[in-house]
Amino acid sequence: MAILVDSNSRVITQGITGSAGAFHTRMSHAYSPIFVGGVTPGKGGQWFDGLPIFNTVAEARRITAANVSMIFVPPPFAADAIMEAADAGIELIVCITEGIPANDMVKAWRYLQGKNCRLIGPNCPGIITPGAAKIGIMPGHIHKPGRIGVVSKSGTLTYEAVGQLTAAGLGQSTCIGIGGDPVIGTNHTDALKLFNDDPDTDAVIMIGEIGGNAEQDACAWAKHNMTKPVVGFIAGATAPPGRRMGHAGAIISGGQGGAEDKYRAMEDAGVHVVRSPAEMGSKMVEVLKAEGLL
Amino acid sequence: MKLHEYQAKELLRRHGVPVPPGSAAHSVDDAVAAAEALGGDFWVVKAQVHAGGRGKGRFKEVAAQADLEAVLAGAAEVPGKGGVQLCRSIDDVRAAAELMLGNTLVTKQTGIDGVVVKTVLVTTGADIETELYVSVLLDRSNSRLVLMASTEGGTEIEEVAAENPSAIKKVWADPITGLGSWQCMQMAYELGLDQKKTTRQAAKLFKGIYDTYLATDATLVEINPMVISSTGDVVALDAKVTIDDNAMFRQKEIASWYDESEDDPAEVEAAKAHLSFIKLDGTIGCMVNGAGLAMSTMDIIKHYGGEPANFLDVGGGAKKEQIVSALNIITKDPAVNCILVNIFGGIMRCDIIAEGVIAAVAETGLEVPLVVRLAGTNAELGKQILAESGLAIIPADTLADAAEKAVAAAQGK
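Keep in mind the model is a prediction, meaning the values are calculated, not measured.

This paragraph deals with the overall build of chain B. In terms of helices and strands, chain B carries 14 helices and 19 strands. Considering only C-alpha atoms, chain B reaches an extent of 80 × 50 × 40 Å along its principal axes. Counting only residues that meet the buried cut, chain B has 47% of its 413 residues in that class. Sequence-distant contacts, at least 24 apart, represent 70% of the contacts inside chain B between residues at least 6 apart.

Take the nonpolar core next. By size, the foremost hydrophobic cluster in this structure holds 204 residues, and its most contacted members are Ile71(A), Ile82(A), Val94(A), Ile209(B), Leu312(B) and Ala406(B). If near-sequence neighbours (up to four positions away) are discounted, Leu312(B) is found in contact with Leu275(B), Phe277(B), Cys286(B), Met287(B), Val288(B), Ala294(B), Ala326(B) and Ile330(B). Membership of the second largest hydrophobic core comes to 30 residues, among which are Ala24(B), Phe59(B), Val84(B) and Ala97(B).

What follows covers the pairing of strand β7 (residues 120–124) of chain B. Residue and element names in this part refer to chain B. The buried fraction of β7 amounts to 4 of the 5 residues, a majority that puts the element mostly inside the structure. Judged from the 5 bridges that link them, strand β2 (residues 43–47) and β7 form a sheet pairing that is antiparallel. Paired with Val-45 across the two strands is Val-122, which belongs to β7.

Counting residues at the interface gives 48 residues for chain A and 46 residues for chain B. Those elements that place two or more of their residues in the side of chain A that touches chain B are α3 (75–87), α4 (102–112) and α5 (156–167) of chain A. Split by residue class, the side of chain A that touches chain B holds 24 nonpolar, 17 polar and 7 charged.

Our next topic: the confidence of the model for chain B. With 100% of its residues at a pLDDT of 70 or more, chain B shows a mean pLDDT of 93. Model confidence for the complex: the whole-complex pTM is 0.94, and ipTM, which rates the interface, is 0.93.

Geometrically, the link from Gly121(A) to Pro122(A) is a cis peptide bond, its omega value of 5° lying close to zero. Looking at the secondary structure, you find Pro122(A) in the loop between β7 (118–120) and β8 (126–129). Cis geometry marks the peptide bond from Asn224(B) to Pro225(B); its omega dihedral reads 10°. Inspection of the secondary structure puts Pro225(B) in strand β11 (residues 218–228). Although it is not a glycine, Leu4(A) adopts a positive phi angle of roughly 65°. By the secondary structure assignment, Leu4(A) is in the segment before β1 (11–14). Notably, Asn378(B) is not glycine yet its phi reads approximately 60°, a positive angle. Residue position: Asn378(B) is located in the loop between β18 (370–376) and α13 (379–388).

Residue and element names in this part refer to chain B. A sheet is described by the order of its strands in space; here 3 strands give the open sequence β3-β5-β6, paired in antiparallel fashion. The outermost strands of the open sheet, each flanked by one partner alone, are β3 (58–59) and β6 (115–116). Sheet analysis places β3 next to strand β5 (residues 104–106), joined by 2 bridges and oriented antiparallel. Bridged to Arg-58 within β5 is Val-106.

Definitions and limits used
Residues numbered from 1 in each chain as written. Chains lettered and ligands numbered in written order. Predicted model: local features only at pLDDT ≥ 70, side-chain atom pairs only at ≥ 80, totals over all residues. Helix = DSSP H or I, 4+ residues; strand = E, 2+ residues; numbered from the N terminus. Buried ≥ 20, exposed ≤ 12 C-beta atoms within 10 Å, placed from the backbone. Contact = placed C-beta atoms within 7 Å. Core = buried A, V, L, I, M, F, W, Y, C linked by C-beta atoms within 7 Å. Pairing = 2+ DSSP bridges. Nonpolar A, V, L, I, M, F, W, Y, C, P; charged D, E, K, R; others polar. pLDDT = per-residue confidence, 0-100.

In structure tokens:
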């Protein structure tokens, strides 16, 4: 059943009546009719395309039994929205919002500790189990159901990887965009663990980028625990130090977070590294053949 | 957003951090007046630029080319006067301000172009017994703020981390309780500050920089050096503060301090058009949607033997006008001899991109080869629009194909 989301997920959108929230709820619901409502304070009792709108997440959860929330709340209020979802008992929180102050996320991250919930994002494209559940802003039509997991900090670069897989005839079990901010919920290690335990995933594409040490941590875990093949790419080998490359977290600072360190960690962990982002799909085909999986 | 030292010190002062008395001056007369108002017989004049290495930097207008090159190479001793000067008389203050204001400071961080100094900070000279390093920043490995300090003040923390990592002490703040007073005291004792007055003052300074970090939505507050005087008093001698760009909506006063003259003009123009743009040294201009794909496009250009001229992310929902602005900014760079447009349409539709490209070419003319790769939402329609436009656009199907064609075009093949 892939990981985290499937056709049984029950999803609400926080910020359902904003322009981005409305547009992407429509697109996602059209792809996978798993949305059961939305939240916009002050608009409770109204309807959005046949979905009930609630004033609070707690009320939405009580009435719809939602277990997943997709957040499109604007940056100044988004961390609060994450905490509201966690407090209401939502199990999977997918925060798409880009531009949340890091200090707000430090608090929200701490608030989630010890609670029975998982955060994906923020500043991410969301999560999709092709053919079953699309919760986010990714174009559904480039995906194809299958057995390759994809985890990435980036949006369009994930689409690039998916496009290459689909073109090579390889479908995807689940694709997770974990986000490019310095403080995120689910990280590379979490995603690798989930894919490793998933009987419907044969192999994983792991895409990292400059900034932080999350890729190294994931590789340290994978070296001794990952039983499935991983193909890896790191974006930003040509990025200059000290500059923030679009994503809030994509910065080489104090000699830390450069692409070469991450590539070395991948190689040390037995990840099948590609240095060209055009070769993620073809490398996966090669690896699957070598492993007798294709 | 980076702040100048005098701005950083003002924020720190408001949160109870002791800083040497001083004031910013924009003219030589103001600098002299500031020194006279401070009184005493020992002052320091400091050039206010964002780049580090000011003291060892030299001024382009007066230094020999060989000396500037030595600065860039990180030489320890270079003849002449730099961007931080100790002054023992008012005449010295005047001379220092005259050398700095309006002249171009080259440090090992600025590159050979240097930065024009528009402001100097005039402060009283300090009595220095011991120098320490202290900072607050986000520890991404556990999503908490960390107070980090070392007894090796005056040295860059990266060097200490590489050569003597055990000299760096850290304590982490729980976001729910904040940085505890006991943690500040603990840090002071770990640094060996066991004189009662000094321990207390240091702990207060640690709490002050943590408070500054939170109140100003900083991403870094660094005091290097934090100084202990011969009488055991603690003061923040130099300060570096950067602010989270994502928090500018609630840091209006700090946002008003933004000094665009410190940034590359093309980057300033791009920011106004809501584009994420960073100037690089190569020849292939890039326009891409999404930060990860934009970095990857730079990487693959290099992989095929070319050099990217920039990083440019047009964002997820760019309109035709932004595409036009993006291509305008890229074509203004005289080093650009080929442009690569790489779009993987998700929210963004490729037909909109195609129309934007045609509009931009109509507006600016096109003097260099333009390679366009469209994939994802409405890619076929976008390709058709470009093909029917009659423009000399080089179409590409895949990322590799696009990079190969762009590199070949840039090399005149």
